Every structure is written in C-alpha cells, then in structure tokens.
Amino acid sequence: MMRVVGLAAAAFLFVVLFYSSRFWPFQWWGRDGLLGIEALPPRGNVLRGWLRGTDVAPFDLLLWAVGAILLLSFVQAVVSFFNRGA
C-alpha cells in the first residue's frame, strides 16, 4: 500500500513540475487559472510569467531546473527521514 501512495505522490510531483515548466502543452480549462487562481495560467509556464519584467527572466529555465532539483532533493530527504523509523 505504501508503494502505491509513493507512486501517486511521485506522479503528482511530476505533474506539478511539468505544469510549472515551459513544456506544458495542454489547456484543459478556460481563461481562468487553475482552480480559479489567475496566477496559474491554463497554458502552464508559470515561472516565466512570475519572472516577467525582472532581471532574471532570461534564466527562467535554469532557475526552474535548480528549483526542481532542490525540491526533489528535499522530498527525498523527508521520505528517507520517515522511512528510517519504519
């Protein structure tokens, strides 16, 4: 059962990272953002929209990659911490 939960969590994390990247090809909802949140546009590429107009905007893909690695490392550390006690 824990393997199914882990796989579901990994799939959810993959979708979140993929949606925030520039490679999200889908538009499954209208003009409103995801769940009505306008900061989450229907075409993905969230980070580029958030960085638009800043000095670091040209480096959005690099920042996304570093952020994804840090997020995955943090999740792996949390999972390892909880698995030690089991």
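Because the structure is a prediction, the values reported are computed rather than measured.

About the thresholds
Residues numbered from 1 in each chain as written. Predicted model: local features only at pLDDT ≥ 70, side-chain atom pairs only at ≥ 80, totals over all residues. Heavy atoms only, no water. Patch = residues over 30% accessible without salt bridge, like charges linked within 9 Å, V, L, I, M, F, W, Y side chains within 5 Å. Areas by Shrake-Rupley, 256 points an atom, 1.4 Å probe, with all protein chains shown as cover. Salt bridge = Lys/Arg side-chain N within 4 Å of Asp/Glu carboxyl O. Helix = DSSP H or I, 4+ residues; strand = E, 2+ residues; numbered from the N terminus. Buried < 20%, exposed > 50% of the residue type's maximum accessible area, 1.4 Å probe, protein only.

Observations regarding a nonpolar patch on the surface
A surface patch of nonpolar side chains, about 640 Å² in accessible area, is lined by Leu 71, Phe 74, Val 75, Val 78, Val 79, Phe 81 and Phe 82. With respect to the element layout, Phe 81 can be found in helix 3 (residues 60-85). Overall, the relative accessible area of 51% leaves Phe 81 in the exposed class.

Observations regarding the environment of Phe 14
Mapped onto the elements, Phe 14 comes out in helix 1 (residues 2-20). Judged by relative accessible area, Phe 14 falls into the exposed class, the value being 53%. Separated by 54 residues in the primary sequence, Phe 14 and Ala 68 place their C-alpha atoms 9.8 Å from one another.

A few points about the environment of Gly 49
Summarising the element assignment, Gly 49 is placed in helix 2 (residues 46-51). Expressed as a C-alpha distance, the spacing of Gly 49 and Ala 39, which sit 10 residues apart in the sequence, is 8.3 Å.

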